[in-house]
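So you can see what is in the structure, the chains are spelled out below.
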Amino acid sequence: MTSLRVRIGILGLVLLAGSAAPASPAAAAAAPAPTVEEQRLDRAVPREILERSGFDAVPLRFTRALGTARSYAEARKVVVRQGSALWQRAVDRAQGRGPAGGDLSRDDDRPLYWARLAMTREVRAWEPSFGLSEAQRAALLDELERTSRGQTAVRYPGGDRLKRVLVTGFDPFTLDRDIRISNPSGASALALDGTVIETAEGPARVETVVFPVRWQDFTDRTVERALRPYLKKVDLFTTVSQGRVGRFDVERTNGAWRGGFPDNDNVGVTGVVPVADPASQPQWTTTTLPYKAIVDADTGRFPVYDNTSVTEIPVGGTVPVVRADGPTEGSAARAGGGGNYLSNEIAYRVTLLRDRLGLHDVLPGGHVHTPVLEFGTGNTDPATGAVTDPGFVQNRLDIIAQVRAILVVAVEKAT
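Structure report, in brief. All residue numbers refer to positions counted from 1 along the written sequence of the respective chain. In view of the model being predicted, local features appear only for residues whose pLDDT reaches at least 70, and side-chain atom pairs are presented and counted only at 80 or more, with totals across whole chains, interfaces and linings using the full set of residues. Side-chain figures throughout are based on the complete set of non-hydrogen atoms in the structure, without hydrogens or water.

## Focus: the environment of tryptophan 126
With respect to the helices and strands, tryptophan 126 occurs in the loop between helix H6 (110–125) and helix H7 (134–148). The classification of residues rests on relative accessible area computed with a 1.4 Å probe and restricted to protein chains. Under 20% of the type maximum is buried, over 50% is exposed, and intermediate values are partly exposed. Look at tryptophan 126 and you get buried, because its relative accessible area is 10%. Here the alpha-carbon distance between tryptophan 126 and glutamate 345, two residues 219 residues apart in the chain, equals 33 Å. When checking whether two residues touch, look at their non-hydrogen atoms; a contact exists if any pair is within 4.5 Å. Setting aside residues up to four positions removed in sequence, tryptophan 126 forms contacts with Ala31, Leu66, Ala69, Ala75, Leu132, Arg137 and Leu140. Strands are runs of DSSP state E lasting at least 2 residues, helices are runs of H or I lasting at least 4, and numbering of each runs from the N terminus.

## Thoughts on the pairing of strand S4 (residues 236–242)
Within S4, seven of the seven residues are buried, which leaves it mostly tucked inside the rest of the structure. Residue alternation in S4 divides its side chains into two sets, Leu236, Thr238, Val240 and Gln242 and Phe237, Thr239 and Ser241, and both sets are buried. Pairing of strand S1 (residues 163–170) with S4, which is carried by four bridges, proceeds in the parallel orientation. The partner of valine 165 across the bridge, within S4, is leucine 236. Where S4 meets strand S14 (residues 365–370), six bridges bridge the pair, whose relative direction is parallel. If you follow serine 241 over to S14, its bridge partner there is histidine 369. DSSP calls a pair of strands paired once it identifies at least 2 bridges connecting them.

## Here we look at the pattern of salt bridges
Throughout this description, the term salt bridge denotes a Lys or Arg side-chain nitrogen within 4 Å of a carboxyl oxygen of Asp or Glu. The full count for this structure, using the stated rule, is 30 salt bridges. A salt bridge links arginine 349 to glutamate 224; its shortest N-O distance comes to 2.8 Å. Linking arginine 349 in helix H12 (residues 342–356) with glutamate 224 in helix H10 (residues 222–231), this pair joins segments that are 125 residues apart in sequence. Glutamate 224 sits in the buried class, given a relative accessible area of 12%. Between lysine 292 and aspartate 296 there is a salt bridge, and its shortest N-O distance comes to 2.9 Å.

## Here we look at H6
Because the α-helix completes a turn every 3.6 residues, residues three or four places apart line up on one side. Helix span is expected to be 1.5 Å times the residue number reduced by one. Taking 1.5 Å of rise per residue, 16 residues should cover 22 Å, and H6 covers 23 Å from first to last C-alpha, within 8% of that figure. The element H6 is largely enclosed, with a buried count of 15 among its 16 residues.

## Looking at the side chain of threonine 238
Position of threonine 238 relative to the elements: it lies in strand S4. Take threonine 238: its relative accessible area is 4%, and that puts it in the buried class. For threonine 238, the residues in contact, after removing those within four places along its chain, are Leu166, Val167, Thr168, Leu289, Gly366, Val368 and Leu407.

## As for the packing of aromatic side chains
Each Phe, Tyr or Trp ring (for Trp, its six-membered ring) is paired with any other whose centre lies within 6.5 Å, and the angle between the two planes then decides the class: stacked below 30 degrees, edge-to-face above 60, tilted in between. Applying the stated criterion to the full structure yields nine aromatic pairs. With centroids separated by 4.8 Å and ring planes inclined at 70 degrees, the aromatic side chains of tyrosine 113 and tryptophan 114 adopt a geometry described as edge-to-face. Owing to a relative accessible area of 2%, tyrosine 113 belongs among the buried residues under this scheme. Here tryptophan 114 falls in the buried class, since its relative accessible area comes to 0%. Relative to phenylalanine 218, the ring of phenylalanine 170 lies with its centre 6.1 Å away and its plane at 15 degrees, an arrangement referred to as stacked.

## Side note on the sheet that holds strand S13 (residues 332–335)
Judged by pairing direction, the sheet is antiparallel, and its three strands sit side by side in the order S12-S11-S13 without closing on themselves. At either end of the open sheet lies a strand with only one pairing partner, and these are strand S12 (321–323) and S13. The mean inter-strand angle of the sheet, taken between neighbouring strand axes irrespective of direction, is 40 degrees. Summarising the sheet, strand S11 (residues 310–313) and S13 pair through three bridges and their orientation is antiparallel. Across the sheet, residue glutamate 312 finds its bridge partner in S13, namely alanine 333. All axes here are fitted lines through C-alpha atoms, helices being fitted over the stretch that makes contact, and every angle between N-to-C directions spans 0 to 180 degrees.

As structure tokens, this is what we get:
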């Protein structure tokens, strides 16, 4: 990736040579340094993943396109077009359309993740002749994030023939523990986006989006911004993330607490989940998915549990207490059934949004945790292991298939 960055930098200079103009007053701010997340691009595993999927061409093509921009407005068009194209390319690859681009299995979510980071790093370092203010650069990064995550591509057909289902996934995380990691929730999102699943209640159209594993983005309400336009239009939603080893969990209760575990930028945040109108903020929200039917159904290889446990500080108490059967009245949240990381937070935010829109009794929705995606036998050492293996691929395919089967049950039983 270092050599690629050099080539990209040279290319950018060539494209701009002879056409440089004095920087505008908006260009006073210097380009910021790459983020912690972006700096991981220079390691061997991301380079291999990009090369073995054909996504290594994405940053170069993106930089060429940026180099043609002669104004902020033109740059914004490039970012929107290229970000949208990256999302569609990842979806097409996952669903078997077009060339695979290499020998990495099509179900892999990691090419999208690493290619996006290569693009955001390029925008962060870009210094065009016309100059960029901090606000303009931030706006370009925001457009790139949203378009390359499918957040601007949700499309449902008109009429009542199809049920409408909204599903979310996440980026890979804990990359400093094992940079090879894939996230089955993100892989499920790519596999399901735009597909129609057949149910006993008729066909259902699934649309998906993916979110970052970063506290600041959630503080900035990226979840509400992305999903608010659709909650009144869909028949069911499910936020999905990676959870425990060997099991699915339907999380019954979500808590308004951040536990501080480091995110993909190695930032940890502890405290109450920040939302609009905190004065009316509840400590807990609940699923409205048909959890009993999902748990009882034969949806696949992994067992599915109705997870009712939470961690709370009871009224009058000071010490967190684990409750197997949910929170007690008036208690303060310290962990929902899905913990107190960003998976719990997305579940909390979307179910709170559902409730504030007056949809609690009419819109089935909640959170599903997938099993941890494990590598195959003998490939467990992050320092020496391969980036993929047959067991790893089969585990991911099985999880994706079971997410789809859970959605079928959810649609049938919630109707």
